[in-house]
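For reference, the chains in residue letters:
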Amino acid sequence: MKTLKILVVVVLVIAVSAFAIDKVNVNEADKGYAIGDTATDFKLKNIDDKMVSLEDYKDAKGFIVIFTCNHCPYSVAYEDRIIELDKKFKTKGYPVIAINPNNPKAYPTDSFDEMKVRAKEKGFTFPYLFDDGQKIYPQYGATKTPHVYILEKTGTGNLVRYIGAIDNNYKDAAAADEKYVEDAVNALLKGEKIPVETTKAIGCSIKA
Amino acid sequence: MRKLILYIGLAVFLSNCKGEQQIAIEASNVFSDKGVEIPVYDFENFEHLLNINDGKTRVINFWATWCKPCVAELPYFELINSRYPNKEVEVILVSLDLPNHVESKLIPFVKKQRIQSKIVLLDDPDANTWIPKVNENWSGSIPATIIYKGNTSNFYERSFTYDELERELKKIL
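So, how was this worked out
Residues numbered from 1 in each chain as written. Chains lettered and ligands numbered in written order. Predicted model: local features only at pLDDT ≥ 70, side-chain atom pairs only at ≥ 80, totals over all residues. Helix = DSSP H or I, 4+ residues; strand = E, 2+ residues; numbered from the N terminus. Buried ≥ 20, exposed ≤ 12 C-beta atoms within 10 Å, placed from the backbone. Contact = placed C-beta atoms within 7 Å. Nonpolar A, V, L, I, M, F, W, Y, C, P; charged D, E, K, R; others polar.

Going by an unreviewed UniProt entry, chain B carries the name TlpA disulfide reductase family protein and comes from Aquimarina litoralis.

Chain A carries the name Thioredoxin family protein in an unreviewed UniProt entry, which gives Aquimarina litoralis as its organism.

### Regarding the overall build of chain B
What chain B contains, in helices and strands, is 5 helices and 10 strands. Buried residues in chain B amount to 33% of all 173 residues. For chain B, restricting intrachain contacts to residue pairs at least 6 apart in sequence, the fraction spanning at least 24 positions comes to 62%.

### What to know about the overall build of chain A
If you tally the helices and strands in chain A, you get 5 helices and 10 strands. Here chain A, with 208 residues, has 39% of them falling under the buried criterion. In chain A, the share of contacts with a sequence separation of at least 24, taken over all contacts with a separation of at least 6, comes to 72%.

### Side note on the interface of chain B and chain A
Each side of the interface is counted separately: chain B has 17 residues, and chain A has 20 residues. At the level of elements, α2 (68-83) and α4 (127-134) of chain B are the ones that each hand at least two residues to the side of chain B that touches chain A. Counting residues per element, the side of chain B that touches chain A draws most heavily on α4 of chain B, which supplies 4 residues. Among the residues making up the side of chain B that touches chain A, the classes are represented as 10 nonpolar, 5 polar and 2 charged.

Have a look at this one:
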């Protein structure tokens, strides 16, 4: 009898999730991750020509994944702040992983060689990966640069905990009084609820 | 010589269709160079441009000089602006260029392309607050366009061809 109950529940769950998947396919296929979703790992080439995956980071508690690029003034405005985030949180278990999602055919300054140049100029302390073939950013649902996804490493995968902007002032770091990414990572480190889980920002549209 | 004229308290008056109420839109700054004038608004002031009820259809396009797909579709907005009479349709190009790029990038671009449509600069860094006020479904990527008349308004987070843009305009006109 108990087995039957479990079976019914299982069938029900399958039925509901089948429906959900169907719905996702119809309406949300291009929208990417929502809070709580499991983020895909990847194997992308870093500016040092080595391949980088999230699974390489055995000791990490999570990741600050930032889709960013060279050509976008909004990304450039945040470069110093991205370096600061990495310096601040890498040692605490949340390294920055930067990914350039743009197709260099659309923006030649976003080519792999130009990424190396920019990373050297600015002294990036974090991996700056090239989304070759533009395959990873659509899975995340990144629409623009910079676009941040904070992931928490758990037994069941890397869960999306925050999606959005770095802070609330792209022009002036000193004037930003809502530091969304910092607040979110600090909350995760303390095991507290993240105060703001999603934010919106103007950014440069990603060109595949 | 490049000059920056500060019109603090400059007010543009807009009236509704009956002319009973007037709304003051205050530009926080006006960039003026070689015959090009670009007023700068924070969102609170800019928002009035999304709510004018004078019987005219407005095509509001969010763009920036660094945004390639935006620049690619600008000629279509210009064409709408020139083909439809001013009494019926007004095109407003809302630049999201950074203020420190206005003199070095935006104004030279506007002059070179000889843009005739009205251009304003939206300068409000707290985008998370104002993006949902433009449209709650907008992710913040550009190009994005609003076509509205009175209380009828459509929002598009996409690029247009001329035909597509005109088709959408005619739905509202």
